[in-house]
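Now for the letters of each chain:
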Amino acid sequence: MAETTPDAQRAPEPSEGSVPEPEHHHGYIGHKDDILRRLRRIEGQSRGLQRMVEDEKYCIDILTQVSAMTKALHAVSLTLLGDHLTHCVADAARQGGDEADLKVQEAVDAIGRLVR
């Protein structure tokens with residue numbers, strides 16, 4: 001996870017006469033760069049798969065690379081899901097009410113999509 005300095009965590013000072021908006025960050029914001037790096041690697045894998053098909057490589061070799069790419073996507077998905085649970089769902093649960101129910105249902109639906 002990327003470390004932040006106290007200055008980086010502080011919201012900018014509101015200008016005179018403005019009403020400050022509450023600061024909201026998605027759970028993955030602390031390691032966004034890592035997620036982007038993983039997604040760029042997956043993008044490269046996709047281009048590699050396209051080249052393999054264009055070059056008429058052996059189908060089992062292509063399937064092996066598809067499996068590697070699928071696992072990489074699952075790893076990103078699980079990272080994002082974990083962040084959603086520990087940040088968005090936990091925050092909503094502390095507040096309670098309809099928002100908590102909504103966030104839990106979003107997580108359940110997301111898990112359902114991942115396991116299909």
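Residues numbered from 1 in each chain as written. Predicted model: local features only at pLDDT ≥ 70, side-chain atom pairs only at ≥ 80, totals over all residues. Heavy atoms only, no water.

## As for the overall build of the chain
Item 1. Tallying secondary structure elements over the chain gives 4 helices and 0 strands in all.
Item 2. Sorting the 116 residues of the chain into buried and exposed places 16% on the buried side.
Item 3. Look at the contacts in the chain between residues 6 or more apart in sequence, and 56% of them connect residues 24 or more apart.
Item 4. Looking at the chain as shown, the accessible area adds up to about 9100 Å², and 55% of this sits on carbon and sulfur atoms. (Helix = DSSP H or I, 4+ residues; strand = E, 2+ residues; numbered from the N terminus. Buried < 20%, exposed > 50% of the residue type's maximum accessible area, 1.4 Å probe, protein only. Contact = heavy atoms within 4.5 Å. Areas by Shrake-Rupley, 256 points an atom, 1.4 Å probe, with all protein chains shown as cover.)

## Things to note about the nonpolar core
Most often, soluble globular proteins have nonpolar side chains that are buried together.
Item 1. Within the largest apolar cluster, 7 residues are counted, these being Ile35, Ile42, Leu49, Met52, Ile62, Met69 and Val76.
Item 2. Sorting the residues of this core by element identifies helix 2 (32-54) and helix 3 (59-95) as the ones contributing at least two each.
Item 3. Broken down by element, the residue count for this core peaks at 4 residues, all from helix 2.
Item 4. When residues no more than four places from it in sequence are discounted, the contact partners of Met52 are Lys57, Asp61, Ile62 and Gln65. (Core = buried A, V, L, I, M, F, W, Y, C linked by side-chain atoms within 4.5 Å.)

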